[in-house]
Amino acid sequence: MTLSTYFMEATYLVASILFIFALKGMSHPETARRGMFLAEAGMFAAIVGTLIGTHIITWVWIIAGLSLGSIIGAWMAISVPMTAMPQRTALSHAFGALAAALVGVGEFFVHAGDMPGITRGALGFEVILGALTTTGSLIAAGKLQGVIHGKPIQFKGQNAVNLIVFLTMASCFVIFCMHPEASGVFYTMLGVAFLFGVMLVIPIGSADMPVVMSLLNSYAGLAAAATGFVLGNNVLIIAGTLDGFSGFILSVLMCKAMNRSITNVLFGGFGAVIAEATTETGGVMREITIDDAAMQLAFANRVVFVPGYGLATAQAQHAVRELAELLEDRGVTVKYAIHPVAGRMPGHMNVLLAEANVPYSALYEMEQINPEFPSTDVAIVIGANDVVNPDARDNPKSLIAGMPILEVDRAKSVIVLKRGQGRGFSGLENPLFFKSCTSMLYGDAKSSLSHLAQAVMHV
Ligand code: NAP
């Protein structure tokens, strides 16, 4: 081994350790930012190590790729709003997976016939997972952005067609492993894998897209790990495996939070039929004025804020903290209830509230806060809907039956901030809004919160 190879392996070791600490950091909101910096440092170390330890034939393509990637990355970081983060993440997965697939094609091109059997297998996996993750992630991004219809796209005989596509891909993989020089088979496998990614994601509704994305993230990680085996690159094997398994664990946790199974998400066509199995409400939605709502809040002992997707679209995180501080100055105990799938991505509410410097100690997870609702004077729901829908708990026929919810309906009084009669992501009506303890404060969440803060100051 040359000195530069030693250096490369040392930076790979450092990068791998940084990745592991990064994951640990990201497991808690308080340390998540540090976790991201560690991951960035790890990636930087891995890139520098590779550039120094590898025999570079020409720098032209490397500099061109680095510049183009940096420009696109910087543009996405600056211009994509927080609410569009899920589709931005889907695009990143698509790029990462495409890179893995292209490296696989490159390796095939250079070494086709002279690869050991195990490397051929890894190459096949890399190309299949990379290709299907690329198209699957692009479809996911399109659905989340609304460029493609968000409803599940289903047709008669879909499962049979998918099975045929899958078997064709698997057969190509087996034949490729036995005849690595057969380029026709290799490129057919690549093409069918691209098609399979599309077929896999179109029958899934956009409500389930975040789970699908974290599954695709896991596939992209496994594709990177397979690339590591093909290239004999340790840091790719380690980082890819970490990515693959953390993505899978995240998918399982999200499914658990929605009381769904992975198979139900992948094959259930959730959202295809908006079954009106909603509890008969019978009542009317009662509106409340800013002044009356401010009065309730100002004279309450305990107030719980319940943020949801509407808080993110309204960018009301600073307004909510300002109102909370005003109430605390008056001696009110204020807490924030965080549902694991509130918003559109895991940790969405934590990220938003952290941005507004809401102290972590004021954030309560669902299991912690639910027993406190009966002793809560006012639960103020800010742009949340599905995560506070009591039908999930009370109505076994509901589409979201069994999904754990924040039990705001057990509070003494509930004030819901939303713009109008819009439904939640599941498309279901919410009986909470018709309950006698609930009153509706219509308007954009940010402006409602600002008006409430002004009114509280004058109470
Ligand atoms: P939600 O059910 O999507 O409801 C959001 C509500 O916010 C809507 O009813 C809307 O009503 C209101 N709204 C929108 N813009 C607003 C604004 N500017 N000001 C005030 N209100 C506004 O949100 P959620 O309760 O957070 O539930 C999240 C949903 O996403 C769940 O169904 C969950 O399963 C799904 N999901 C989330 C994840 C995740 O990782 N977080 C993953 C998979 C699925 P109006 O139109 O009337 O204003």
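Since this is a predicted model, take the numbers as computed values, not measurements. (Residues numbered from 1 in each chain as written. Predicted model: local features only at pLDDT ≥ 70, side-chain atom pairs only at ≥ 80, totals over all residues. Heavy atoms only, no water.)

J.: Can you help me understand the pairing of strand β2 (residues 333-338) in this one?
T.: A large share of β2 lies buried, amounting to five of its six residues. Across four bridges, strand β1 (residues 302-307) lies against β2 in parallel orientation. Bridge assignment links V304 to a residue of β2, and that residue is K335. Relative to strand β3 (residues 363-365), β2 is paired through three bridges, and the arrangement is parallel. Counted as the bridge partner of A337 is Y364 from β3. As for the winding sense of the linkage, the β-α-β connection from β2 through helix α14 (residues 348-355) to β3 is right-handed. (Buried < 20%, exposed > 50% of the residue type's maximum accessible area, 1.4 Å probe, protein only. Helix = DSSP H or I, 4+ residues; strand = E, 2+ residues; numbered from the N terminus. Pairing = 2+ DSSP bridges. Right-handed = clockwise from strand over helix to strand, strands pointing away.)

J.: Where do I start with the domain arrangement of the chain in this structure?
T.: Domain annotation for the chain reports domain 1 (1-79), domain 2 (87-272) and domain 3 (290-458). Facing the 10 residues of domain 1 at the interface are 11 residues of domain 2. Counting the surface domain 1 buries against domain 2, the share from its top three residues, Y12, L23 and M76, is 54%. For the pair domain 1 and domain 2, the number of links is zero salt bridges. Where domain 1 touches domain 2, the interface holds two residue pairs in polar contact (both at pLDDT 80 or more). Only α1 (3-26) and α3 (60-79) provide two or more residues apiece to the side of domain 1 that touches domain 2. If you tally residues by element for the side of domain 1 that touches domain 2, the top one is α1, at seven residues. Counted by class, the side of domain 1 that touches domain 2 contains eight nonpolar, one polar and one charged residues. (Domains from an automatic or database assignment. Contact = heavy atoms within 4.5 Å. Buried area = accessible area lost by both parts, 1.4 Å probe. Salt bridge = Lys/Arg side-chain N within 4 Å of Asp/Glu carboxyl O. Polar contact = N/O pair within 3.5 Å; in protein donor to acceptor, adjacent residues only side chain to side chain. Nonpolar A, V, L, I, M, F, W, Y, C, P; charged D, E, K, R; others polar.)

J.: What is the right way to look at the site of the ligand in this model?
T.: Surveying the vicinity of the ligand reveals 32 residues, the closest of which are R344, N385, D386, R419 and D444. Here an oxygen atom of the ligand and a backbone polar atom of G343 are 2.9 Å apart. A total of 920 Å² of accessible area belongs to the ligand in isolation, and the protein chains cover 95% of it. The cavity that encloses the ligand is the second largest pocket. Within the residue set of the shell around the ligand, elements represented by two or more residues are α12 (309-314) and β5 (413-418). Sort the elements by how many residues they give to the shell around the ligand and α12 lands first, with four residues. (Near = heavy atom within 4 Å. Areas by Shrake-Rupley, 256 points an atom, 1.4 Å probe, with all protein chains shown as cover. 1 Å grid on protein atoms, 1.4 Å probe; cavity = no way out; pocket = protein on both sides within 12 Å on 5 of 7 lines; lining within 4 Å. Sits in = over half its atoms within 2 Å of the grid points.)

J.: Would you mind showing me how to read the nonpolar core here?
T.: Among soluble globular proteins, nonpolar side chains are generally buried collectively. With 68 residues, the main nonpolar core has F305, Y336 and F373 as its most contacted residues. Element by element, the count of residues in this core is highest for helix α17 (residues 445-457), at six residues. With near-sequence residues (within four places) excluded, F373 lies in contact with V304, V306, A337, A379, L406, E407, V408, R410, A411 and K412. (Core = buried A, V, L, I, M, F, W, Y, C linked by side-chain atoms within 4.5 Å.)

J.: Looking at this structure, I do not really get the packing of aromatic side chains. What am I missing?
T.: Two aromatic rings, taken as a pair, are described by how far apart their centres are and by the angle between their planes. Inspection of the entire model under this criterion finds eight aromatic pairs. For the ring pair F108 and F186, a centre distance of 3.9 Å and an interplane angle of 5 degrees mean the geometry is stacked. Of the two residues, F108 is situated in helix α4 (residues 85-111) and F186 in helix α7 (residues 183-201); the sequence distance between them amounts to 78 residues. On the basis of relative accessibility, which here comes to 4%, the residue F108 falls in the buried class. (Phe/Tyr/Trp six-rings, centres within 6.5 Å; stacked < 30°, edge-to-face > 60°.)

J.: Whenever I open this one, the layout of surface pockets confuses me. Can you help?
T.: One way to see where empty space is left: roll a probe the size of a water molecule over the atoms. Estimated volume of the second largest pocket: approximately 800 Å³. Around the second largest pocket sit 42 residues that line it, and Y309, R344, D386, G424 and F425 are the ones nearest its centre. Among the elements of the structure, α8 (209-231), α12 and β5 are those that each provide at least two residues to the lining of the second largest pocket. Among the elements that line the lining of the second largest pocket, the one with the most residues is α12, at four residues. Partitioned by chemical class, the residues of the lining of the second largest pocket number 22 nonpolar, 12 polar and eight charged. (Points joined across faces, edges and corners; volume = space filled by probe spheres on them.)

J.: How should I be thinking about the sheet that holds strand β4 (residues 378-382) in this particular structure?
T.: Each strand in a sheet pairs with its neighbour through backbone hydrogen bonds, running either in the same direction (parallel) or in the opposite one (antiparallel). Taken together, six strands build an open sheet; the order of strands is β3-β2-β1-β4-β5-β6 and the sheet is parallel. Each edge of the open sheet carries a strand with a single partner, namely β3 and β6 (438-442). Adjacent strand axes in the sheet meet at a mean angle of 25 degrees, parallel and antiparallel pairs treated alike. Against the sheet, helix α13 (residues 317-329) engages β1, β2 and β4, with an angle of about 150 degrees to β2. Packed onto the sheet, α14 meets β1, β2 and β3 and runs at close to 140 degrees relative to β2. (Axes fitted to C-alpha atoms, helices over the stretch in contact; angles between N-to-C directions.)

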